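Understanding the architecture of this molecule
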Amino acid sequence: MKSRRKARVGLKDLAREVGVHVSTVSRALNPDSGHPVAADLIAEIRKVSKRLGYRQNLAAYSLKTNRSRTIGVVVPDITDSVFPPIIRGIEDGLAQYGYVAMLANTDGNPRRQVRVLETMRARGVDGLILASVLRTDKTLSQLAAGLPVVTVSRRTDDPRFSSVVHDEDDGIGRLVTHLVSLGHRDIACIAGPQTVSTGFSRYNAFLRHRDHAGLSASPALVTYARAFNESEGERCAEEFLVAGAPFSAVVCANDRLAIGAISAFRRHGIACPDDVSVTGFNDMPLADRLSPALTTVRVQHSKAGFEAAGLLVDLIENEAPEPHHLVLPVETVVRNSTARCALAAGARMSEAAGEQA
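The structure contained in this document is the topic of the report that follows. Computed from a predicted structure; not experimentally measured.

Attention now goes to the sheet that holds strand E11 (residues 325-328). Across the sheet, six strands lie side by side as E2-E1-E3-E4-E5-E11; this open sheet has parallel pairing. Whereas interior strands pair on both sides, the edge strands pair on one side only; in this sheet they are strand E2 (100-105) and E11. Shown here is a sheet whose adjacent strand axes are inclined to one another by a mean of 15°, direction ignored. With four bridges connecting them, strand E5 (residues 162-166) and E11 associate as parallel partners. From the neighbouring strand, His166 faces E11, where its bridge partner is Leu328.

The structure is reproduced here in structure tokens:
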């Protein structure tokens, strides 16, 4: 004999149990209704709802309020270790206000992002948190029309979109100052993609702090990665060796580029940090376990996500708030991939360049 499925507890059941009208129960369980209910009655209704196992019908709630309490979260690469802590921070931040995240990955493909945003709109998300935006994104205004948007870790050139980013300029400045204190004067730079705010901001910060310190401004000491990954770090390091310009240190736009650069140098018998110092940016998980442990800039990934969630909820629940741009502080983490400038390093660099010729 099949057991009968237990009937779902509804508002009418709660109203009957407490002895009030259904509308009173509805207002008591929905603090956004704008109709006050006595505190002691709210407590009684919640106590009964818990005892009877009441669960809100989200589909009905969405139809009534035009809110899904769901937030679309889009990242470029979920396998990149930078993004899981950001996502965790977003989820923790949203949970405070009763929202949940709907997560999607774009693989850095603008067309895929368009499809993702169209799907999220169709599913009725209340807002968007985007870690995948480019500096100039012509489709974003159209796709996000009418939806609150906060960008995290990256930002667009359009100030209408609120953002949470890190102090890229201060971070790069700290690295340049650190390298100069070790005696480095010929410092190269592996810049990130210039279509992304992090790549653009860190590159321009490097130029500014390099010039301020009076360091070599040779064009041969700057190369541009097409993506923030290890293979691009290797390719860019090889470009330096082919160019043949002397350098004793490399500032990389992120940790993964630094890992690739160190690997490429090692293949050519160039040791880090004995022959060349290398720095990263982000302090990705396990950066301290690399060989050598990576000198980098630590950013607050989880906090960035948490703050982005708070900004977005503020945009959703307030009628016309102004866009807000939050810049989080960073700190330098000095490890074993940087050392004093070695006079013999230039000769080894020249030998490696000769092998490439």
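Here we come to the side chain of Gln113. Mapped onto the elements of the fold, Gln113 is located in helix H6 (residues 110-122). Apart from residues no more than four positions distant in its own chain, Gln113 is found in contact with Val74, Thr106, Ser132, Val133 and Asp137.

With that settled, the discussion passes to the packing of helix H5 (residues 83-95) against helix H12 (residues 301-317). At their nearest, the axes of H5 and H12 sit 6 Å apart, and the two run at 40° to each other. It follows that H5 is oblique to H12 by the angle criterion. Crossing hand, H5 versus H12: right-handed. Together, Pro85, Ile86, Gly89, Ile90, Asp92, Gly93 and Leu94 of H5 and His301, Ser302, Gly305, Phe306, Ala309 and Val313 of H12 make up the contact between the two elements.

Turning to the sheet that holds strand E6 (residues 187-191), a few remarks are in order. Here four strands make up an open sheet; going across it, the order is E7-E6-E8-E9 and the pairing parallel. On the outer flanks of this sheet lie strand E7 (222-224) and strand E9 (277-279), each paired with one strand and no other. Each neighbouring strand pair of the sheet contributes to a mean axis angle of 15°, computed without reference to strand direction. Examined bridge by bridge, strand E8 (residues 249-252) and E9 share three bridges and lie parallel to one another. From the neighbouring strand, Ala249 faces E9, where its bridge partner is Ser277. The strands touched by helix H8 (residues 168-181) within the sheet are E6, E8 and E9, with E8 carrying the most contacts at an inclination of about 170°. Along the sheet, helix H10 (residues 230-243) contacts E6, E7 and E8; its crossing angle with E7, the most-contacted strand, is approximately 145°.

Turning to the packing of aromatic side chains, a few remarks are in order. Counted under the stated rule, the structure contains three aromatic pairs. Ring centres 5.3 Å apart and planes at 70° place the aromatic pair Tyr203 and Tyr224 in the edge-to-face group. Residue Tyr203 is found in helix H9 (residues 197-212), and its partner Tyr224 is found in strand E7; the two are separated by 21 residues along the sequence. Ring geometry for Phe247 versus Phe265: centroids 5.9 Å apart, planes at 45°, classification tilted. Here Phe247 is found in the loop between H10 and E8, whereas its partner Phe265 is found in helix H11 (residues 255-267), with 18 residues between them in sequence. Note on accessibility: Phe247 and Phe265 belong to one class, buried. Lying across the ring of Tyr99, Arg69 places its NZ or CZ 4.3 Å from the centre. Stacked on the ring of Phe200, the Lys or Arg Arg135 has its end atom at 3.7 Å from the ring centre.

What counts and how
- Residues numbered from 1 in each chain as written.
- Predicted model: local features only at pLDDT ≥ 70, side-chain atom pairs only at ≥ 80, totals over all residues.
- Heavy atoms only, no water.
- Pairing = 2+ DSSP bridges.
- Helix = DSSP H or I, 4+ residues; strand = E, 2+ residues; numbered from the N terminus.
- Axes fitted to C-alpha atoms, helices over the stretch in contact; angles between N-to-C directions.
- Contact = heavy atoms within 4.5 Å.
- Parallel < 35°, antiparallel > 145°, perpendicular 65-115°, else oblique.
- Left-handed = near helix turned anticlockwise from the far one by under 90°.
- Phe/Tyr/Trp six-rings, centres within 6.5 Å; stacked < 30°, edge-to-face > 60°.
- Buried < 20%, exposed > 50% of the residue type's maximum accessible area, 1.4 Å probe, protein only.
- Lys NZ or Arg CZ within 6 Å of the ring centre and 35° of its normal.

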